[in-house]
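# Report on the structure
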Amino acid sequence: MKDFILTILMALTDLGYFGIAIGLMIEIIPSEIVLGYGGYMISLGKISWVGAVVAGTIGGTLAQLFLYWLGYYGGRPFLEKYGKYILINKKQIDISEKWFEKYGTGVIFTARFIPVVRHAISIPAGIAKMSAMKFTFYTVAAIIPWTILFLYLGTVLGSNWADIKHYAEPYIMPIIIGAVVLGVAYFLVKRKLNVSPKTKPDTIQ
């Protein structure tokens, strides 16, 4: 399996930055692995930091926009029927839909760092007809630090890039906690703003 992944990664990186973007868009291999290998390529001097971050951000964002538009135009029935072909199952849709309904649009940023719903959260956003501009903003805001983190780990690990998921765990947990805290804060602020102020009784003239 590792040889198969390595073959695909080598084929993609032969395409340079375009290959990294394509690898993240089609998601045959988890983004952590693609970016980890990209970091390894940085350490070898084959690609630059800036180019890799830009390619990773574009590829990751386009992948999520694809899911967003599937939700927007296809709806839940379409995704429940054909989601398996893009590695999205009913459980992921159920959980992400509940999160989106409960926490609102801000969860598009928070959920990007949390397993199970990280990719599927784009679907309820599309189904709910969330603004494409707002969706893209929250998505890019989350994908940039994610991309930088795994590229960095790939440069540190070097030839051990394939073990990136194991080495990423100490870094991921603080990010998840921080994302959850931000998400809860966003939810509470939004809820407070949506609460109408109590009307004062008319004073007797």
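Details of the structure are given in the entry above.
Residues numbered from 1 in each chain as written. Predicted model: local features only at pLDDT ≥ 70, side-chain atom pairs only at ≥ 80, totals over all residues. Heavy atoms only, no water.

### Description of the layout of surface pockets
Here is the rule: A pocket, in this scheme, is an open set of points on a 1 Å grid over the protein atoms alone with protein on both sides within 12 Å along at least 5 of 7 lines, while a cavity is a set where a 1.4 Å probe fits but cannot get out; residues line either one if an atom lies within 4 Å of a point. Grid points are joined across faces, edges and corners, and a volume is the space filled by probe spheres set on the points. Secondary structure is summarised from DSSP: a helix means a run of H or I of at least four residues, a strand means a run of E of at least two, and numbering begins at the N terminus for each. Ten residue types, Ala, Val, Leu, Ile, Met, Phe, Trp, Tyr, Cys and Pro, are classed as nonpolar, four, Asp, Glu, Lys and Arg, as charged, and the remainder, Gly among them, as polar.
Looking at the second largest pocket, its volume works out to about 170 Å³. Of all the elements in the fold, those that place two or more residues in the lining of the second largest pocket are α2 (17–26) and α4 (49–82). With three residues, α4 is the largest single contributor of residues to the lining of the second largest pocket. Classifying every residue of the lining of the second largest pocket by side-chain character gives nine nonpolar, no polar and one charged.

### Points about empty space enclosed by the protein
If you roll a probe as big as a water molecule over the atoms, it shows you where there is empty space left. The tally for this structure, following the rule as stated, stands at two cavities of 30 Å³ or more. Of the pockets and cavities examined, the largest cavity occupies roughly 170 Å³. Ser-31, Gly-60, Arg-118, Ile-143 and Trp-146 are, among the 15 residues lining the largest cavity, the residues nearest its centre. Across the lining of the largest cavity, the residue classes break down as six nonpolar, six polar and three charged.

### Points about the side chain of Ser-31
Quick reminder of the rule: Whether a residue is buried, partly exposed or exposed follows from its accessible area with a 1.4 Å probe, protein chains only, as a fraction of its type maximum: under 20%, in between, or over 50%, in that order.
Among the structural elements, Ser-31 can be located in helix α3 (residues 31–43). Residue class for Ser-31 comes out buried when judged on its relative accessible area of 11%.

### As for the packing of α4 against helix α5 (residues 90–103)
Relative orientation and spacing of two packed helices are given, respectively, by the angle between their axes and the distance between those axes. Heads up, the rule is: Axes here mean lines fitted to C-alpha atoms, for a helix over just the part in contact, with angles spanning 0 to 180 degrees between N-to-C directions. In what follows, roughly perpendicular refers to angles from 65 to 115 degrees, roughly parallel to angles under 35, roughly antiparallel to angles over 145, and oblique to any angle outside these ranges. The contact rule is simple, with two residues in contact once any of their heavy atoms fall within 4.5 Å.
Taken N-terminus to C-terminus, the directions of α4 and α5 make an angle of 150°; their axes are 9 Å apart at the nearest point. Viewed along their axes, α4 and α5 adopt a mutual orientation that is roughly antiparallel. Together, Arg-76, Leu-79 and Glu-80 of α4 and Lys-90, Ile-93, Asp-94 and Glu-97 of α5 make up the contact between the two elements. Residues belonging to the contact of α4 with α5 are distributed by class as follows: two nonpolar, no polar and five charged.

### Quick word on the packing of aromatic side chains
Worth spelling out the cut-off: For Phe, Tyr and Trp, rings pair up if their centres lie within 6.5 Å, where Trp contributes its six-membered ring, and each pair is then called stacked (planes under 30 degrees apart), edge-to-face (over 60) or tilted (otherwise). Remark: a charge is flagged as sitting over a ring if the NZ atom of Lys or the CZ atom of Arg is within 6 Å of the ring centre and within 35 degrees of the ring normal.
Counting across every chain of the model gives 13 aromatic pairs. Aromatic side chains Trp-146 and Phe-150 sit 4.7 Å apart centroid to centroid with 50° between the ring planes, which places their arrangement in the tilted category. In this pair, Trp-146 and Phe-150 both sit in helix α8 (residues 132–157), four residues apart, roughly one turn of the helix. Judged on exposure class, the residue Trp-146 and its partner Phe-150 are both buried. Positioned above the aromatic ring of Tyr-72, the side-chain terminus of Lys-129 is 4.7 Å from the ring centre.

### Some points on the environment of Gly-60
Among the secondary structure elements, Gly-60 is positioned in helix α4. Once you skip the residues sitting within four places of it in the chain, Gly-60 turns out to touch Leu-24 and Ile-143.

### Quick notes on the packing of α2 against α3
The condition is simple: Throughout, a crossing is termed right-handed when the near helix is turned clockwise from the far one, and left-handed when it is turned anticlockwise from it by less than a right angle.
Where α2 meets α3, the closest approach of the two axes is 9 Å, and the angle between their N-to-C directions is 170°. The orientation of α2 with respect to α3, classified from their angle, is roughly antiparallel. As α2 runs across α3, the sense of the crossing is right-handed. On α3, the residues that touch Ile-20, Gly-23 and Leu-24 of α2 are Ser-31, Val-34, Leu-35 and Gly-38.

### Remarks on the pattern of salt bridges
Selection rule: Any carboxyl oxygen of Asp or Glu that lies within 4 Å of a side-chain nitrogen of Lys or Arg is treated as forming a salt bridge with it.
Within the structure shown, the criterion is met by five salt bridges. Glu-80 is the salt-bridge partner of Arg-76, the closest N and O atoms lying 2.5 Å from each other. Of this pair, Arg-76 and Glu-80 both sit in helix α4, separated by four residues, roughly a single helical turn. A salt bridge links Asp-94 to Arg-76; the shortest N-O distance between them is 2.0 Å. Taken together, the residues span a long stretch of sequence, with Asp-94 in helix α5 and Arg-76 in helix α4 at a distance of 18 residues. Of the residues examined, Asp-94 reaches a relative accessible area of 23% and is grouped as partly exposed. Through salt bridges with shared partners, one network takes in Arg-76, Glu-80, Lys-90, Asp-94 and Glu-97.

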